[in-house]
Structure formats: C-alpha cells, structure tokens
Amino acid sequence: PDKVDALYESIHSYLAECQVDGVKVDAQAMATMIGGGSGGSPQTTARFVKAMERSVVKHFNGHCINCMCHPTECLYNYTDTPIA
C-alpha cells in the first residue's frame, strides 16, 4: 500500500504515452483484502481508490470506468471517476 501512487503512475503514464485515452479498472475489491496490518480495510481501500483517481485525472482527464466488485469501502471513496 505504501507504493500505490507509484504503481498507478507507472501503469497510467505508460498507457498515456501509447495514446490510450481512458481506462477500465476491474478487481478493485482486492484492496479490501490486503488491509490487515495496513490500517484496516477502509483506510487501505481509500488509499488505493484515491491514488487511482489522481492518476486517472492526471493522465486521462478522468476518463475511467470503475467496473466489477464494488464493496462499500470503494463506493464511498469514488469522487472523480464514474461507477459502472
């Protein structure tokens, strides 16, 4: 979880360089499963969602589809990208 910003930055910057203009993000529920020892599920999920959204806004002007597995922790943290 400490390197989540770098993770999304590396993925999204590469895709943007390849002229990709948006992303579809699946399997975000996994963040809820790795919360033990990292502040708990809600805090860990919030860090992942916020890092993903910052990167999507930066590289794709917010063009993102959040898809599949939307646990409550994710739903309450989406502020800049739509839910499908």
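Bear in mind the structure is a predicted one, so any value in this text is a computation, not a measurement. Per chain, residues are indexed from 1 in the order of the written sequence. Where totals are concerned, whole chains, interfaces and linings use all residues; where local detail is concerned, this predicted model gives features only for residues with pLDDT of at least 70, and gives and counts side-chain atom pairs only at 80 or more. Where side-chain values are given, they derive from all heavy atoms of the structure, hydrogens and water being excluded.

A. Local environment of the environment of Cys 64. Only DSSP runs of H or I reaching four residues or more are called helices, and only runs of E reaching two or more are called strands; each is numbered from the N terminus. Tracing the backbone through its elements, the reader meets Cys 64 in strand β2 (residues 64-66). Along the sequence, Cys 64 and Phe 48 sit 16 residues apart, while their C-alpha atoms lie 15 Å from each other. Pairs of residues are marked as contacts when any of their non-hydrogen atoms sit within 4.5 Å. What Cys 64 contacts, discounting residues up to four positions off in sequence, is Val 23, Val 25, Met 52, Val 56, Thr 81 and Pro 82.

B. Spotlight on the nonpolar core. Here, nonpolar core means buried Ala, Val, Leu, Ile, Met, Phe, Trp, Tyr and Cys residues that are tied together by side-chain atoms lying within 4.5 Å of each other. When a residue's accessible area, from a 1.4 Å probe over protein chains only, is under 20% of the maximum for its type it is buried; when over 50% it is exposed; and in between it is partly exposed. One finds Tyr 8, Val 23, Met 52 and Cys 64 to be the most contacted residues of the largest nonpolar core, which totals 14 residues. Secondary-structure elements contributing two or more residues to this core are α1 (4-17), β1 (23-25) and α3 (41-60). In terms of residues, this core owes the most to one element, α3, which gives six residues. Tyr 8 has contacts with Ser 13, Phe 48, Ala 51, Met 52 and Ser 55, leaving out every residue within four places of it along the chain.

C. Layout of the environment of Val 23. By secondary structure assignment, the location of Val 23 is in strand β1. On the accessibility criterion, Val 23 (14% relative accessible area) is buried. Between the C-alpha atoms of Val 23 and Tyr 78, which are 55 residues apart in sequence, the distance is 15 Å. The contact partners of Val 23, leaving out residues within four places of it in the chain, are His 12, Leu 15, Val 56, Phe 60, His 63, Cys 64 and Ile 65.

D. Region of interest: unusual backbone geometry. At Gln 19, a position not held by glycine, the phi torsion is positive, near 75°. With respect to the helices, strands and loops of the structure, Gln 19 is situated in the loop between α1 and β1. Exposure remark for Gln 19: the relative accessible area of 68% places this residue in the exposed category. Residues other than glycine seldom take positive phi values, yet Asn 61 does so here, at roughly 55°. Mapped onto the fold, Asn 61 is located in the loop between α3 and β2.

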